[in-house]
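# A closer look at the structure
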Amino acid sequence: WGSLSFSFTDLDHGTVTFNSSSAYGSGSMNLTRLTRPAALADATGTGGIDARYTGAWFDPNQSGHGLFVEVLPDNRLLAWWFSFDPTGTQQAWFGGVGTYTGTTANITAVVQPTGGRWIPNFNPQQVTNNPWGELILEFGDCANGVVTFLSTRGYGLGEMELARLTMPLGAQCP
């Protein structure tokens, strides 16, 4: 595809510069932080979801798609699933913010955005957040879990095993 270069002016702002040999071209885009993760120092290690659960998760038997999870303050959890449509012909992503208690997170208002275009043709007025369904994430520990999904957009009902792919800097999983 090409290359990406990130530079940050502070904890909340930066720029991404991209160079592509494909139809995406070259250019840059300003970045602004959307969320602030829960502090790793607040991780209790009591067996429930905490900041250590932030990271990328996937099923090793289905490598090629997975979820990004970010534990937020106030018992909130953001999850985005990067996958493909049911026919396997296009990339698709869907997610949202929900709440967690203990080892279970519920995201009841999952959306699937459509209508976006690559910069410089991106127009936020053309993006529609289509209702997608629900996600339930249940963790056995900070290295393993299961995502259960119930989609209203043709993805069905099912579950997928999760294994940790990345972990926040300084975090440890007992």
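Residues numbered from 1 in each chain as written. Predicted model: local features only at pLDDT ≥ 70, side-chain atom pairs only at ≥ 80, totals over all residues. Heavy atoms only, no water.

Within the protein, the regular secondary structure consists of zero helices and 11 strands. In sequence order, the protein lays out its α and β elements as β-β-β-β-β-β-β-β-β-β-β. For 174 residues, the compact-globule estimate of 2.2 N^0.38 gives 16 Å, and the C-alpha radius of gyration of the protein, at 17 Å, lies within 12% of that figure. C-alpha atoms of the protein, sized along the principal axes, occupy 45 × 40 × 30 Å. When burial is assessed residue by residue, the protein has 33% of its 174 residues classed as buried. Sequence-distant contacts in the protein: of pairs separated by 6 or more residues, those separated by 24 or more amount to 37%. For the protein, the exposed area adds up to about 10,400 Å²; of that, 54% sits on carbon and sulfur atoms. Here the protein holds 7 positive side-chain charges and 13 negative ones, and the gap between their average locations is 9 Å. (Helix = DSSP H or I, 4+ residues; strand = E, 2+ residues; numbered from the N terminus. Rg over C-alpha atoms; globule rule 2.2 N^0.38 Å. Buried < 20%, exposed > 50% of the residue type's maximum accessible area, 1.4 Å probe, protein only. Contact = heavy atoms within 4.5 Å. Areas by Shrake-Rupley, 256 points an atom, 1.4 Å probe, with all protein chains shown as cover. Lys, Arg positive; Asp, Glu negative; His and termini not counted. Charge placed at Lys NZ, Arg CZ, Asp CG, Glu CD.)

So, on to the pattern of salt bridges. Under the criterion given, the structure shown has two salt bridges. Close ionic contact of Asp12 with Arg33 constitutes a salt bridge, the shortest N to O distance being 2.8 Å. Placement of the pair is Asp12 in the loop between β1 (2–10) and β2 (13–20) and Arg33 in the loop between β3 (26–32) and β4 (55–58), with a sequence separation of 21 residues. Given a relative accessible area of 27%, Asp12 falls into the partly exposed group. (Salt bridge = Lys/Arg side-chain N within 4 Å of Asp/Glu carboxyl O.)

Before going further, it helps to examine the confidence of the model for the protein. Of all residues in the protein, 96% have pLDDT values of 70 or greater, and the mean over the chain is 91. Of all secondary-structure elements in the protein, the lowest mean pLDDT belongs to β3, at 90, while strand β10 (residues 144–151) reaches the highest, 98. (pLDDT = per-residue confidence, 0-100.)

Bringing the sheet that holds strand β8 (residues 104–114) into the picture now. With antiparallel pairing, eight strands are arranged side by side around a closed barrel as β4-β5-β6-β7-β8-β9-β10-β11. If you compare each strand with its neighbour and ignore which way they point, the axes differ by 30° on average. With nine bridges joining them, β8 and strand β9 (residues 128–141) adopt antiparallel strand pairing. Paired with Ile107 across the strands is Leu135, a residue of β9. (Pairing = 2+ DSSP bridges. Axes fitted to C-alpha atoms, helices over the stretch in contact; angles between N-to-C directions.)

This part covers the packing of aromatic side chains. According to the stated counting rule, one finds 11 aromatic pairs in the structure shown. Summarising the aromatic geometry, the rings of Phe68 and Phe82 are spaced 5.2 Å apart at their centres and angled 65° between planes, so their arrangement reads as edge-to-face. With a gap of 14 residues between them, Phe68 in strand β5 (residues 66–72) and Phe82 in strand β6 (residues 76–84) connect regions that are remote in the sequence. The exposure class of Phe82 is partly exposed, given its relative accessible area of 34%. Taken together, the ring pairs in this structure connect Trp81, Phe94, Trp132, Phe149 and Tyr155 into an aromatic cluster. (Phe/Tyr/Trp six-rings, centres within 6.5 Å; stacked < 30°, edge-to-face > 60°.)

In this chain, Ile119 is followed by Pro120 through a cis amide linkage whose omega measures 10°. Tracing the chain through its elements places Pro120 in the loop between β8 and β9. Positive phi, close to 65°, is recorded for Asp74, a residue that is not glycine. Backbone geometry at Asn75 places phi at a positive 55°, although glycine is not the residue there. Along the chain, the position of Asn75 falls in the loop between β5 and β6. Judged by relative accessible area, Asn75 falls into the partly exposed class, the value being 39%.

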